[in-house]
Amino acid sequence: SAALYLLVAESDSAILFSLLAQYIMAAFYKSYPTSESWLILAKATLGAMVCFILYLSRWGAKWLLFPGTASQGRKVESWWPLRLVLGLGGGFLAFGLANRYPLFSPSPEERLIVFWLIIIGLLGTLAPGSVLQKAAGIFTFLNGLELTGLALKPMVWFFHPMIALG
C-alpha cells in the first residue's frame, strides 16, 4: 500500500510519489458511487498541488542551506526499521478495529481503509523521521478523516438533514 511505503520511505522523491499515489487512489475511492470524471480529476489535482507545494518547500529548504552545512556534524539516522514495525503493528490494529467496531460503514473493507489511513497517518506523524515524513503523515491522517466524513454522510442525513447541507 502507498500508505505503508509512505511511512517507511526515506527518500524525498519516494515520499512525494507515494503521497501522490495515495491521493489518486483516494480520489477514485471517494468518487466510486458517482464515478464522475470531473470529481476524480479535481481531487487528484488537489493531491498533485499538495505534493508540488511540499516539493517546492523541500527544494527551497535545501537551496537555503550553505554548501557543506547539511552533512557537517550531523549523523544521518535511518529510522525505517522502527517505522516498518510501527506500520505493521498499525495494520494489525486497523484490521482489528475494522472487524470489531462497525461504527460508520456496514462494509468491513471501507472501515479497514479508513482505519488504516488514520492509524498510519498518526504513526507517520509521531514516529521519528524527517519533516517531510511527518508532513506526509499529517496528510495521510487527513485523507483518512475525509474518508470517514464521506462514510458518515448517510448517518448525518438520518440524524439531521441541515447538518449534512451545512
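Residues numbered from 1 in each chain as written. Predicted model: local features only at pLDDT ≥ 70, side-chain atom pairs only at ≥ 80, totals over all residues. Heavy atoms only, no water.

1. Description of the overall build of the protein chain
Scanning the protein chain from N- to C-terminus turns up seven helices and zero strands. Scanning the protein chain from its N terminus toward the C terminus, one meets helices and strands in the order α-α-α-α-α-α-α. Residue pairs in contact within the protein chain that sit at least 24 positions apart in sequence constitute 61% of those at least 6 positions apart. Element-wise, carbon and sulfur atoms account for 75% of the exposed surface of the protein chain, whose accessible area totals about 10500 Å². (Helix = DSSP H or I, 4+ residues; strand = E, 2+ residues; numbered from the N terminus. Contact = heavy atoms within 4.5 Å. Areas by Shrake-Rupley, 256 points an atom, 1.4 Å probe, with all protein chains shown as cover.)

2. Observations regarding helix α2 (residues 12-30)
With 19 residues, α2 extends 27 Å from end C-alpha to end C-alpha; this agrees with the ideal 27 Å at 1.5 Å per step. Those residues of α2 that fall on the buried side of the exposure criterion are D12, A14, I15, L16, S18, L19, Q22, Y23, A26, A27 and K30. (Expected span 1.5 Å × (residues − 1). Buried < 20%, exposed > 50% of the residue type's maximum accessible area, 1.4 Å probe, protein only.)

3. Thoughts on a nonpolar patch on the surface
Where nonpolar side chains cluster on the molecular surface, the patch consists of F52, Y55, L56 and W59 and spans about 450 Å² of accessible area. Within the secondary structure layout, W59 lies in helix α3 (residues 37-64). (Patch = residues over 30% accessible without salt bridge, like charges linked within 9 Å, V, L, I, M, F, W, Y side chains within 5 Å. Salt bridge = Lys/Arg side-chain N within 4 Å of Asp/Glu carboxyl O.)

4. Here we look at the side chain of S18
Position of S18 among the secondary structure elements: in helix α2. For S18, a relative accessible area of 3% gives the class buried. Those residues in contact with S18 that sit more than four places away from it in its chain are A2, Y5 and L6.

5. Description of the nonpolar core
Judged by nonpolar contacts, the single largest core of 14 residues is most densely connected at A3, L4, A94, W116, L117 and I120. Mapped by element, the contributors of at least two residues to this core are α1 (2-8), α4 (80-100) and α5 (108-126). It is α5 that provides the largest number of residues to this core, a total of seven residues. By size, the runner-up hydrophobic cluster in this structure holds 13 residues, among which are L6, L19, Y23 and L54. (Core = buried A, V, L, I, M, F, W, Y, C linked by side-chain atoms within 4.5 Å.)

6. So, the environment of G89
Structurally, G89 can be placed in helix α4. For G89, a relative accessible area of 37% translates into the label partly exposed. Sequence separation between G89 and L123 is 34 residues, and the spatial gap between their C-alpha atoms is 9.9 Å.

7. Focus: α5
Three or four residues apart is the spacing at which side chains of an α-helix point the same way, because the helix has 3.6 residues per turn. The end-to-end C-alpha distance of α5, which contains 19 residues, comes to 27 Å, matching closely the 27 Å that a straight helix rising 1.5 Å per residue would cover. Of the positions making up α5, those classed as buried are R111, V114, F115, W116, L117, I118, I119, I120, G121 and G124.

8. So, the confidence of the model for the protein chain
Taken residue by residue, the protein chain gives an average pLDDT of 77. The fraction at 70 or more is 73%. Between residues 160-166, whose pLDDT stays under 50, and residues either more than four places distant or in other chains, the model counts six contacts. (pLDDT = per-residue confidence, 0-100.)

9. Observations regarding the packing of α4 against α5
Here α4 crosses α5 at 145°, and the two axes come no closer than 8 Å. Helix-helix and strand crossings are classified by hand; for α4 and α5 the assignment is right-handed. Only P108, R111, L112, F115, W116, I119, I120, L123 and G124 of α5 make contact with α4, whose side of the interface consists of R83, L86, G87, G90, G91, L93, A94, F95, L97, A98 and N99. For the contact of α4 with α5, the residue count by class is 13 nonpolar, five polar and two charged. (Axes fitted to C-alpha atoms, helices over the stretch in contact; angles between N-to-C directions. Left-handed = near helix turned anticlockwise from the far one by under 90°. Nonpolar A, V, L, I, M, F, W, Y, C, P; charged D, E, K, R; others polar.)

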